[in-house]
Amino acid sequence: MNKRTLEALEVMEARANSIDETIQKEETLKDIKLLTELNKERSNLEEIVAKYQEFKKVNQDIEESKEILETEKDDEMRSLAKLQLEEAQEAIIIIEEQLDLLLLPKDPNDDKNVIFEIRGAAGGDEANIFAGDLFRLYTKYAEKNNWKIEVMDVNESAAGGFSQISFMLKGDKVYSKMKFESGSHRVQRVPKTESKGRIQTSTATVAVLPEVSDVEVEIKNADLRIDTYRASGAGGQHINTTDSAVRITHIPTGIVAASQDGRSQHDNKDKAMTLLRARVYEAELEKQQTEAASLRKNAVGTGARSEKIRTYNYAQNRVTDHRVNLTLNKLDQVMEGNLDEIIVELVNDEQRQLITQQIEE
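Okay, so let's go over this structure. Please read all numbers here as calculations on a predicted model, not as lab measurements.

## Considering the overall build of the protein
Here comes step 1: What the protein contains, in helices and strands, is ten helices and eleven strands.
Here comes step 2: Across the 361 residues of the protein, 40% fall into the buried class.
Here comes step 3: Here the protein displays about 20,300 Å² of accessible surface, and carbon together with sulfur accounts for 47% of that area.

## So, the nonpolar core
Here comes step 1: Phe-116, Ile-118, Leu-134, Tyr-138, Leu-169, Met-178 and Tyr-312 are the most contacted members of the largest nonpolar core, which totals 37 residues.
Here comes step 2: Counting only elements with at least two residues in this core, the list comes to strand 1 (114-120), helix 5 (125-144), strand 3 (162-170), helix 6 (174-178), strand 5 (200-210), strand 11 (326-328), helix 9 (331-334) and helix 10 (340-360).
Here comes step 3: When residues of this core are assigned to their parent elements, the largest contribution, eight residues, is made by helix 5.
Here comes step 4: With residues up to four places along the chain from it excluded, the contact list for Leu-169 reads Asn-113, Val-114, Phe-116, Ala-142, Trp-147, Lys-148, Ile-149, Val-174 and Met-178.
Here comes step 5: Leu-224, Ile-248, Leu-276 and Ala-283 belong to the second-largest nonpolar core, a separate cluster that totals 20 residues.

## A closer look at helix 4 (residues 75-102)
Here comes step 1: In a regular helix each residue adds 1.5 Å, so 28 residues correspond to 40 Å; helix 4 covers 40 Å between its end C-alpha atoms and thus fits that length.
Here comes step 2: Residues Ala-81, Leu-85, Ala-88, Ile-92, Ile-95, Leu-99 and Leu-102 constitute the buried set of helix 4.
Here comes step 3: Considering only its buried residues, helix 4 is in contact with helix 1 (3-22) and helix 3 (32-71).
Here comes step 4: A distance of 3.1 Å separates the backbone nitrogen of Glu-76 from a side-chain oxygen at the start of helix 4, and that oxygen is part of Asp-74.

## A closer look at a negative patch on the surface
Here comes step 1: On the surface, Glu-63, Glu-64, Glu-67 and Glu-70 cluster together into a negatively charged patch.
Here comes step 2: Inspection of the secondary structure puts Glu-70 in helix 3.

## Considerations on the environment of Asp-100
Here comes step 1: Looking at the secondary structure, you find Asp-100 in helix 4.
Here comes step 2: Put simply, Asp-100 and Ile-355 are 255 residues apart on the chain and 8.5 Å apart in space, counted from C-alpha to C-alpha.

## Quick word on the sheet that holds strand 7 (residues 245-250)
Here comes step 1: Across the sheet, which stays open at both edges, the three strands sit in the order 6-7-8 with antiparallel pairing between neighbours. Only two strands of the sheet have a single partner each, and these edge strands are strand 6 (224-229) and strand 8 (255-259). Each adjacent strand pair in this sheet contributes to an overall mean axis angle of 15 degrees, direction not counted.
Here comes step 2: With five bridges joining them, strand 7 and strand 8 adopt antiparallel strand pairing. Its bridge partner lying in strand 8, Thr-249 is registered against Val-256.

## Remarks on the pattern of salt bridges
Here comes step 1: Scanning the model with the defined rule gives 21 salt bridges in all.
Here comes step 2: When the shortest N-O distance is used, the salt bridge between Glu-13 and Lys-56 registers 2.8 Å. Residue Glu-13 is found in helix 1, and its partner Lys-56 is found in helix 3; the two are separated by 43 residues along the sequence.
Here comes step 3: Its relative accessible area of 10% is what places Glu-13 among the buried residues.

## Structural notes on the environment of Val-319
Here comes step 1: By the secondary structure assignment, Val-319 is in strand 10 (residues 318-321).
Here comes step 2: Given a relative accessible area of 1%, Val-319 falls into the buried group.
Here comes step 3: C-alpha separation for the pair Val-319 and Asp-332, spaced 13 residues apart in sequence, amounts to 9.2 Å.
Here comes step 4: The contact partners of Val-319, leaving out residues within four places of it in the chain, are Arg-310, Thr-311, Tyr-312, Leu-326, Thr-327, Leu-328, Leu-331, Val-334 and Ile-342.

## A closer look at the packing of helix 3 against helix 4
Here comes step 1: The N-to-C vectors of helix 3 and helix 4 enclose an angle of 155 degrees; their axes lie 8 Å apart at closest approach. Considering their axes alone, helix 3 and helix 4 lie roughly antiparallel with respect to each other. Crossing hand, helix 3 versus helix 4: left-handed.
Here comes step 2: A class-by-class count of the residues in the contact of helix 3 with helix 4 yields 16 nonpolar, five polar and eight charged.

## Let's talk about the sheet that holds strand 9 (residues 310-313)
Here comes step 1: Judged by pairing direction, the sheet is mixed, and its eight strands sit side by side in the order 2-3-1-5-4-9-10-11 without closing on themselves. The sheet is open, and its two edges are formed by strand 2 (148-156) and strand 11, each paired on a single side. Looking at each pair of strands side by side, their axes are set apart by 15 degrees on average, direction ignored.
Here comes step 2: Relative to strand 3, strand 1 runs antiparallel, the two being bridged by six bridges. Bridge pairing links Val-114 to Leu-169 in strand 3.
Here comes step 3: Helix 5 contacts strand 1, strand 2, strand 3, strand 4 (183-189), strand 5 and strand 9 of the sheet and is inclined by roughly 45 degrees relative to strand 5.

## Here we look at helix 5
Here comes step 1: A rise of 1.5 Å per residue sets the reference length of helix 5, with its 20 residues, at 28 Å; its end C-alpha atoms lie 29 Å apart and thus fit the reference within 8%.
Here comes step 2: Of all 20 residues that make up helix 5, 14 are buried, and the element is covered over most of its length.

## Some words on the pairing of strand 2
One face of the sheet, then the other: side chains in a regular strand alternate in exactly this way.
Here comes step 1: In this structure, strand 2 lies alongside strand 3, joined through eight bridges in antiparallel fashion. In the sheet register, Ile-149 faces strand 3, and the bridge partner there is Leu-169.
Here comes step 2: The turn linking strand 2 back onto strand 3 is made up of five residues, and Gly-160 within it adopts a positive phi angle of 115 degrees.

Thresholds, definitions, all that
- Residues numbered from 1 in each chain as written.
- Predicted model: local features only at pLDDT ≥ 70, side-chain atom pairs only at ≥ 80, totals over all residues.
- Heavy atoms only, no water.
- Helix = DSSP H or I, 4+ residues; strand = E, 2+ residues; numbered from the N terminus.
- Buried < 20%, exposed > 50% of the residue type's maximum accessible area, 1.4 Å probe, protein only.
- Areas by Shrake-Rupley, 256 points an atom, 1.4 Å probe, with all protein chains shown as cover.
- Core = buried A, V, L, I, M, F, W, Y, C linked by side-chain atoms within 4.5 Å.
- Contact = heavy atoms within 4.5 Å.
- Expected span 1.5 Å × (residues − 1).
- Polar contact = N/O pair within 3.5 Å; in protein donor to acceptor, adjacent residues only side chain to side chain.
- Patch = residues over 30% accessible without salt bridge, like charges linked within 9 Å, V, L, I, M, F, W, Y side chains within 5 Å.
- Salt bridge = Lys/Arg side-chain N within 4 Å of Asp/Glu carboxyl O.
- Lys, Arg positive; Asp, Glu negative; His and termini not counted.
- Charge placed at Lys NZ, Arg CZ, Asp CG, Glu CD.
- Pairing = 2+ DSSP bridges.
- Axes fitted to C-alpha atoms, helices over the stretch in contact; angles between N-to-C directions.
- Parallel < 35°, antiparallel > 145°, perpendicular 65-115°, else oblique.
- Left-handed = near helix turned anticlockwise from the far one by under 90°.
- Nonpolar A, V, L, I, M, F, W, Y, C, P; charged D, E, K, R; others polar.

Shown next, in the form of structure tokens:
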């Protein structure tokens, strides 16, 4: 391991020790905001500091084994030291690789909850039905991860599924896994409305936005126009009885967010504001992009059949993720929420790209 990396690890370990001392102080315990920030920072350092301490322990074992081999004359002791040295040298290689991964730059949004937006795109009714299938897929995956799902806004399709649905997933490091779902998803199957058994290709688009706080995005009340209206479609007892649905427009950007699935107008306003903050945050990121294409266009595309990140072929029970050239002949299992095999490969691909970037730098 190079000197610069070791120095960085020493700094991280020293910072972790400093935080441990600070959070024990009485004045820190009284400052809830500071205590929360320090605990979060300490949590982010915990895994890498523990691995670095393991690295130092194994390195010490190597040095001690070498010293025994240089000074000890007893054959049995030398044999034992040689075996310990070989085991430690094998272990240190693995630990260094693990540290390299832990030191890769992390997406600042990885720990956040996410807001999903799924829309039926090319393919008419079948695209909307497929949007409903994707919503079910993500619901199943959320259940497997013990994440909470909260529908924010929905426009049902008369043929089934949704022309658009927005929902939030809350849990541990949701964005780190679900960010890869952004893009155009293509389905190939025989629609229920197809009498001649012909396979149709349709698409639905998925956008995954990190949840952002009012601290990260400042939105002034004076810049908002809030409209209430009577909800329609899904929503239970509140539908068509009260003006509980809420639409919020951010006047400076023209960005609109709505919610009608909450229990009350107040609940819908909170959901709409959460969705609005995420969209305004995304819009701000778009301005910072150096590329000509916007963040949303890169993530979602236009929904055209030729633009896709993943294909779901029902006839062949096949799902293919085109970004990593991964094909699995178990679409039936994937649609039941078994996404981990795909997501693990996408995470690994992201790590490979980050390593390549670091080498080039």
